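What follows is each chain in one-letter form.
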Amino acid sequence: MLQHDAERPVIEPAFLTTNVILAYGAYALGTASPGPSNLAVMATAMHQGRRAALVVALGVVCGSALWGVLAAFGLGALLAGYSKSLVVLKVLGGLYLLWLAFKSARSALQVSRPALQMASTRSTVQGLFLRGAAMHLTNPKAIFVWLSIVALALPAGAQGSQALGIVAGCVPIGVAVFCSYALVFSTAAARRVYQRTHRWFEGTLAVLFGYAGLRMLASRAAL
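Computed from a prediction, not measured in an experiment: that's the story for all the values here. (Residues numbered from 1 in each chain as written. Predicted model: local features only at pLDDT ≥ 70, side-chain atom pairs only at ≥ 80, totals over all residues. Heavy atoms only, no water.)

## Details of the overall build of the protein
Counting its regular elements, the protein contains ten helices and zero strands. The order of α-helices and β-strands along the protein, N terminus first, is α-α-α-α-α-α-α-α-α-α. Taking all 223 residues of the protein together, 40% fall into the buried category. Of the contacts formed within the protein by residues at least 6 apart in sequence, a portion of 87% connects residues at least 24 apart. Total accessible area computed for the protein in this model is approximately 12,400 Å², and 69% of it derives from carbon and sulfur atoms. (Helix = DSSP H or I, 4+ residues; strand = E, 2+ residues; numbered from the N terminus. Buried < 20%, exposed > 50% of the residue type's maximum accessible area, 1.4 Å probe, protein only. Contact = heavy atoms within 4.5 Å. Areas by Shrake-Rupley, 256 points an atom, 1.4 Å probe, with all protein chains shown as cover.)

## Brief notes about the packing of helix α4 (residues 50-72) against helix α8 (residues 141-153)
At their nearest, the axes of α4 and α8 sit 8 Å apart, and the two run at 60° to each other. It follows from the interaxial angle that α4 and α8 lie oblique. Taken as a pair, α4 and α8 cross one another with a handedness that is right-handed. On α8, the residues that touch Ser64, Trp67, Gly68, Leu70 and Ala71 of α4 are Ala142, Ile143, Trp146 and Leu147. Its residues placed into classes, the contact of α4 with α8 shows seven nonpolar, two polar and no charged. (Axes fitted to C-alpha atoms, helices over the stretch in contact; angles between N-to-C directions. Parallel < 35°, antiparallel > 145°, perpendicular 65-115°, else oblique. Left-handed = near helix turned anticlockwise from the far one by under 90°. Nonpolar A, V, L, I, M, F, W, Y, C, P; charged D, E, K, R; others polar.)

## Some points on the confidence of the model for the protein
Per-residue pLDDT for the protein has a mean of 77; in total, 77% of the residues score no lower than 70. Across the protein, element-level confidence peaks in α4 with a mean pLDDT of 91 and bottoms out in helix α1 (residues 2-6) with 48. Across residues 1-13 the pLDDT falls below 50, and counting only partners more than four positions away or on other chains, this stretch makes one contact in the model. (pLDDT = per-residue confidence, 0-100.)

## Here we look at the environment of Leu128
Position of Leu128 among the secondary structure elements: in helix α7 (residues 125-137). The sequence separation of Leu128 and Ala52 amounts to 76 residues, and the corresponding C-alpha distance is 6.7 Å.

What follows is the structure in structure tokens.
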């Protein structure tokens, strides 16, 4: 009996595997690298202050987590079967990014220094949260990024509950990364720099948002 038990394979806990650590690392690098969501948090922090930026950051994380939950339940393959719906999402996402590019370009053309708002007086908390969530919810490619993370972390045939555990582990990483952007770029020093260089900063945002939007609209790859 003892010999039989000794021959049983030892099942390593999912949270201790090398692949899980690699998946978390890939997620951390992906969220920390410059992208539309990071830029949106940065811009909000310097325009409207820390509180507004943190709300946008939480919206970004929740939008990303929703795609992660869908990926955990294997809905990526289901959504792939509805290519028209994904095309609509891609178009909406591209247009949203172009709208952000237009706003940044309009701000860059202002000669006077912008009046920074220390509180979100012109944006409701709900509006700020939805703005952040829209950065991911209008990008259907996000679910396939999550599918790759889940596939990297878990062996084939893993249960949905295990995949949800991976998603749950990524959420605090996303919160830490995006909230760090909100905290750093809402400091008094960062806001003073923005006031001096707002035309260059907004012009750069316009180019980056515009490029991301056009790239999303022009993409012919299957989502």
